[in-house]
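Architecture and fold: a report
Chain residues, written in single-letter form:
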Amino acid sequence: EKVFSGFSKTRENLAVVDELLLYWNLADTDRVLDELEEALLVSDFGPRISFKIVDCLREDILAGKLKSGSEIKEALKRSVLQLLTSKGNKSDLQLGFRKPAVIMVVGVNGGGKTTSLGKLACRLKNEGVKVLLAAGDTFRAAASEQLEVWAERTGSEIVVAEGDKVKAASVLSQAVRKGKEQGYDVVLCDTSGRLHTNYSLMEELVACKKAVAKVIPRAPNEILLVLDGTTGLNMLPQAREFNEVVGITGLILTKLDGSARGGCVVSVVDELGIPVKFVGVGEGVDDLQPFDAEAFVDAIFS
Ligand code: GDP
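A brief report on the enclosed structure follows. Here the structure is a predicted model, which means the values were calculated and not measured.

Looking only at helices and strands, one finds 11 helices and eight strands in the chain. For the chain, whose C-alpha radius of gyration is 21 Å, the value lies close to the compact-globule estimate of 19 Å for 302 residues. Counting only C-alpha atoms and orienting by the principal axes, one finds that the chain spans roughly 70 × 40 × 30 Å. Among the 302 residues that make up the chain, the fraction classed as buried is 52%. Pairs at least 24 apart in sequence give 77% of the contacts found in the chain among residues at least 6 apart. Split by element, the accessible area of the chain, about 13900 Å² in all, is 49% carbon and sulfur.

This is the structure we're talking about:
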């Protein structure tokens, strides 16, 4: 139950429609669908998806395929679920069979990158996976220390930059080499998330990716983008840029226990065609959960 406790606002918005649907009759269709579109918009589904969903419902109602309020509601839930899963529902990490698998975690500062990485290390450890952490955020002074705390908490080994001005790419390269030599299952790489500096973050991420691939061809296996759920639709342009430059394989949506609006999850998946792999639902070690699209839909339309 705790998983999607944070969508109270979204639930509230969409509950308005519930009441209307309860007393729906054919003559009411336009008014109900207008209200529904409005509710989707304020829940951050974005104009394109909100329109698409409502338009499909209208078509099915007029074709006589949906005959009651509850059938409309079920069709609504189905279409959201379909949007979330149509581009593949691969919420499992795709780690291949070459060891070590390499996971790079990227995203802007403050989004919950380091925390998510720590929680992910914990999950993997609990599954018996031998994890090596790589402190690839060489820019933010406290980042390595923060990751060292997580290494200790999860009993993981960690590779950190020795000395100032060590490039992130070389830390990752060193970590992946160590991972290979010492039989680790997974190397979990933190990266920088600063926004404005001389040396572009995107260039650095590309260099990190190349450095990893130089040690293990076809690595990194996963590049996970961490997005702050409370930023709503504002996360879209950011996600687009990361995806264009480094190629994102999965999303981690954080802070869904807070004031996140559920719709942005649907728009970001639909727009980028990238699955959500995990959701952050709190600050504790256990608060990173595999994304369950059905549970999510049930939660926002409960
Ligand atoms: P980074 O700069 O991207 O590495 O962000 P951090 O991992 O340092 O996280 C920024 C803040 O967000 C910290 O205070 C975290 O505890 C908090 N945080 C991260 N994930 C979650 C989450 O899922 N829920 C909540 N409530 N807070 C989170």
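Once the structure has been displayed, the description carries forward.
Let us look at the sheet that holds strand 1 (residues 101–106). Taken in spatial order, the eight strands line up as 3-2-4-1-5-6-7-8 in an open sheet, and their pairing is mixed. For this open sheet the edge positions go to strand 3 (157–159) and strand 8 (288–290), each flanked by a neighbour on one side alone. The sheet shows a mean angle of 25 degrees between the axes of neighbouring strands, direction not considered. Pairing geometry for strand 5 (residues 222–228) and strand 6 (residues 250–254), over five bridges, is parallel. Directly across from Leu225, in strand 6, lies its bridge partner Leu251. Where helix 5 (residues 113–126) meets the sheet, its contacts fall on strand 1, strand 2 (131–134), strand 4 (186–190), strand 5, strand 6, strand 7 (276–280) and strand 8, and the angle it forms with strand 4 comes to roughly 170 degrees.

Turning our eyes to something else, we now look at the pairing of strand 6. Among the five residues of strand 6, five are classified as buried, and the element is accordingly described as predominantly covered. Where burial is concerned, the two faces of strand 6 agree: the one with Gly250, Ile252 and Thr254 and the one with Leu251 and Leu253 are both buried. Between strand 5 and its parallel partner strand 6, the chain crosses via helix 9 (residues 235–246), and the hand of that crossover is right-handed. The pairing of strand 6 with strand 7 spans three bridges and is classified as parallel. Each bridged residue has a counterpart across the sheet, and for Leu251 the counterpart in strand 7 is Val276. Handedness of the crossover is the feature at issue here: the chain leaves strand 6, passes through helix 10 (residues 263–272), returns alongside strand 7, and the resulting connection is right-handed.

For the rest of this paragraph, the subject is the packing of helix 5 against helix 6 (residues 143–154). One way to put it is that helix 5 packs onto helix 6 with a least axis distance of 10 Å and a crossing angle of 20 degrees. Classed by the angle they form, the pair helix 5 and helix 6 counts as roughly parallel. Relative to helix 6, the crossing made by helix 5 is right-handed. For the pair helix 5 and helix 6, the contacting residues are Thr114, Thr115, Leu117, Gly118, Lys119, Ala121, Cys122 and Lys125 in the first and Gln146, Leu147, Trp150 and Thr154 in the second. Class assignment of the residues belonging to the contact of helix 5 with helix 6 gives a composition of five nonpolar, five polar and two charged.

With that settled, the discussion passes to the state of the cysteines. Two cysteines joined by a covalent bond between their sulfur atoms form a disulfide. In this structure the tally under the stated criterion is zero disulfides. Lacking any disulfide linkage, Cys122 is separated from the closest cysteine sulfur, that of Cys189, by 18 Å. Take Cys122: its relative accessible area is 12%, and that puts it in the buried class.

Another aspect to go through is helix 11 (residues 293–300). Inspection of helix 11 places Ala293, Phe296, Val297, Ala299 and Ile300 among the buried residues, and these make up the whole buried set. Down the axis of helix 11, the buried side of the element spans an arc of 160 degrees, and every buried residue falls inside it. Against the buried residues of helix 11 lie helix 1 (8–22), helix 4 (69–85) and helix 10.

With that out of the way, let us pick up the site of the ligand. The ligand sits among 17 residues. The nearest are Gly110, Lys113, Thr115, Asp257 and Glu283. One nitrogen or oxygen atom from the side chain of Gln146 is found 3.0 Å from an oxygen atom belonging to the ligand. One of the backbone nitrogen or oxygen atoms of Gly280 is found 3.2 Å away from an oxygen atom of the ligand. About the coverage of the ligand: the protein hides 79% of its 580 Å² of free accessible area. With four residues, helix 5 is the largest single contributor of residues to the shell around the ligand.

Conventions adopted
- Residues numbered from 1 in each chain as written.
- Predicted model: local features only at pLDDT ≥ 70, side-chain atom pairs only at ≥ 80, totals over all residues.
- Heavy atoms only, no water.
- Helix = DSSP H or I, 4+ residues; strand = E, 2+ residues; numbered from the N terminus.
- Rg over C-alpha atoms; globule rule 2.2 N^0.38 Å.
- Buried < 20%, exposed > 50% of the residue type's maximum accessible area, 1.4 Å probe, protein only.
- Contact = heavy atoms within 4.5 Å.
- Areas by Shrake-Rupley, 256 points an atom, 1.4 Å probe, with all protein chains shown as cover.
- Pairing = 2+ DSSP bridges.
- Axes fitted to C-alpha atoms, helices over the stretch in contact; angles between N-to-C directions.
- Right-handed = clockwise from strand over helix to strand, strands pointing away.
- Parallel < 35°, antiparallel > 145°, perpendicular 65-115°, else oblique.
- Left-handed = near helix turned anticlockwise from the far one by under 90°.
- Nonpolar A, V, L, I, M, F, W, Y, C, P; charged D, E, K, R; others polar.
- Disulfide = S-S within 2.5 Å.
- Arc of directions from axis to C-beta.
- Near = heavy atom within 4 Å.
- Polar contact = N/O pair within 3.5 Å; in protein donor to acceptor, adjacent residues only side chain to side chain.

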